[in-house]
Amino acid sequence: MHIDVLAFSPHPDDAELGCGGLMLKLKDMGYLTGIIDLTEAELSTNGDIATRHKETEAASVILKLDLRKNLDLGDSKVENSQENRLKVVEVVREYKPEMVLIPYGKDRHPDHENSHKLLKDSFFISGLEKLVTLNSCHRPGIVLCYMLNYQFDPSFIVDTSSYYRQKMEACKAYKSQFYSIGEGDRSTYINSKYFREMITGRDRCYGLKIKAEYGEPYFLEDDIKIDDPVEFFKYLRL
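The structure displayed is predicted, hence computed values, not measured ones.

Engineer: Help me understand the packing of helix α5 (residues 164-172) against helix α7 (residues 193-209) in this model?
Structural biologist: For any two helices packed against each other, the geometry is given by the interaxial angle and the distance between the axes. Between α5 and α7, the shortest axis-to-axis distance is 12 Å and the interhelical angle comes to 155°. Between α5 and α7, the crossing angle belongs to the class labelled roughly antiparallel. Of the two possible hands of crossing, α5 and α7 adopt the one that is right-handed. Contacts between α5 and α7 involve Tyr-164, Lys-167 and Met-168 from the former and Ile-199, Thr-200 and Asp-203 from the latter. For the contact of α5 with α7, a count of residues per class yields 3 nonpolar, 1 polar and 2 charged.

Written as structure tokens, this is what we have:
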């Protein structure tokens, strides 16, 4: 099965937060989309693996994903090892995505930063013909970084206004992480109202920068080619 766009998520819920709007938009455009979770987030302060599985399934339905898999690399154990690189390579070679989405290289959680380096290296070696695996070589043509905790100067911003409500519904599916302070639950950075307001405020801020209601920022290491600047920048006239 060929998947056009694969988002790699260090923990179930990271991709929803960072690129959920774009994933929904691309699905609406007719692309096949999927998320590869690197860990089961088994060390999360609240909830357990069984709960996270149910939440992930619910979020995947909201995002209309064609694929979701978990590589089970171990929460807080993500490292750029050959064993882990080969697990990523197998996924890339099996589904042969044209575009991949990964966390930005600097972030609050070590798994986010370590995932960035692991994934970049894996994409490169996935394109090496002499590396023999079950599937033929493939290297994604487009690697985009999405924003989690730390901000960066984006290469571009995607208008996600029409998909913001669905994106937040997908995030709300992870009730044990973001929206529940019940008996036995502990207060955390991500279940505080300030974190939720930060996500909403940030997406609204980046939307305003492109004259839209909501937007998601992305970083691309390559230069961007524009053939017709007059047509491309028409949105600035609004």
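Picking up after the structure, the text goes on.
Engineer: Even after reading the chapter, I still don't get the sheet that holds strand β2 (residues 33-37), so can you show me in this structure?
Structural biologist: Strand pairs in the sheet, formed through backbone hydrogen bonds, run parallel or antiparallel to each other. Pairing is mixed across the open sheet formed by 7 strands, whose spatial order is β3-β2-β1-β4-β5-β7-β6. Either end of the sheet is taken by a strand with one partner, and the two such strands are β3 (67-70) and β6 (156-159). Geometrically, the sheet is characterised by an average inter-axis angle of 30° between neighbouring strands, direction not taken into account. Helix-sheet contacts for helix α4 (residues 110-126) involve β1 (5-9), β4 (99-103) and β5 (142-146), and the interaxial angle to β4 is about 150°.

Engineer: How should I be thinking about the side chain of Thr-56 in this particular structure?
Structural biologist: Inspection of the secondary structure puts Thr-56 in helix α2 (residues 49-63). By relative accessible area, Thr-56 is classed as buried at 10%. Within the local environment of Thr-56, its side chain forms a polar contact with the backbone oxygen of Arg-52, the two atoms lying 2.7 Å apart. Sequence-distant contacts of Thr-56, that is, excluding residues within four places in its chain, are made with Pro-12, Asp-37, Arg-68 and Tyr-174.

Engineer: It is not clear to me how a nonpolar patch on the surface should be interpreted in this structure. Could you clarify?
Structural biologist: A contiguous nonpolar surface patch, about 510 Å² in accessible area, is contributed by Phe-232, Phe-233, Tyr-235, Leu-236 and Leu-238. Along the chain, the position of Leu-238 falls in the segment after α8 (229-232).

Engineer: How do you make sense of α4 when you look at a structure like this?
Structural biologist: Since the α-helix advances by 3.6 residues per turn, residues separated by three or four positions end up pointing in the same direction. Here α4 spans 24 Å end to end across 17 residues, near enough to the 24 Å set by a 1.5 Å rise per residue. Burial in α4 covers these residues: Asp-111, His-112, Ser-115, His-116, Leu-118, Leu-119, Ser-122, Phe-123, Ile-125 and Ser-126. Buried positions along α4 lie against β1, α1 (14-28), α3 (82-95), β4 and β5.

Definitions and limits used
- Residues numbered from 1 in each chain as written.
- Predicted model: local features only at pLDDT ≥ 70, side-chain atom pairs only at ≥ 80, totals over all residues.
- Heavy atoms only, no water.
- Axes fitted to C-alpha atoms, helices over the stretch in contact; angles between N-to-C directions.
- Helix = DSSP H or I, 4+ residues; strand = E, 2+ residues; numbered from the N terminus.
- Parallel < 35°, antiparallel > 145°, perpendicular 65-115°, else oblique.
- Left-handed = near helix turned anticlockwise from the far one by under 90°.
- Contact = heavy atoms within 4.5 Å.
- Nonpolar A, V, L, I, M, F, W, Y, C, P; charged D, E, K, R; others polar.
- Pairing = 2+ DSSP bridges.
- Buried < 20%, exposed > 50% of the residue type's maximum accessible area, 1.4 Å probe, protein only.
- Polar contact = N/O pair within 3.5 Å; in protein donor to acceptor, adjacent residues only side chain to side chain.
- Patch = residues over 30% accessible without salt bridge, like charges linked within 9 Å, V, L, I, M, F, W, Y side chains within 5 Å.
- Areas by Shrake-Rupley, 256 points an atom, 1.4 Å probe, with all protein chains shown as cover.
- Salt bridge = Lys/Arg side-chain N within 4 Å of Asp/Glu carboxyl O.
- Expected span 1.5 Å × (residues − 1).

Purely geometric numbers; function is a separate question.
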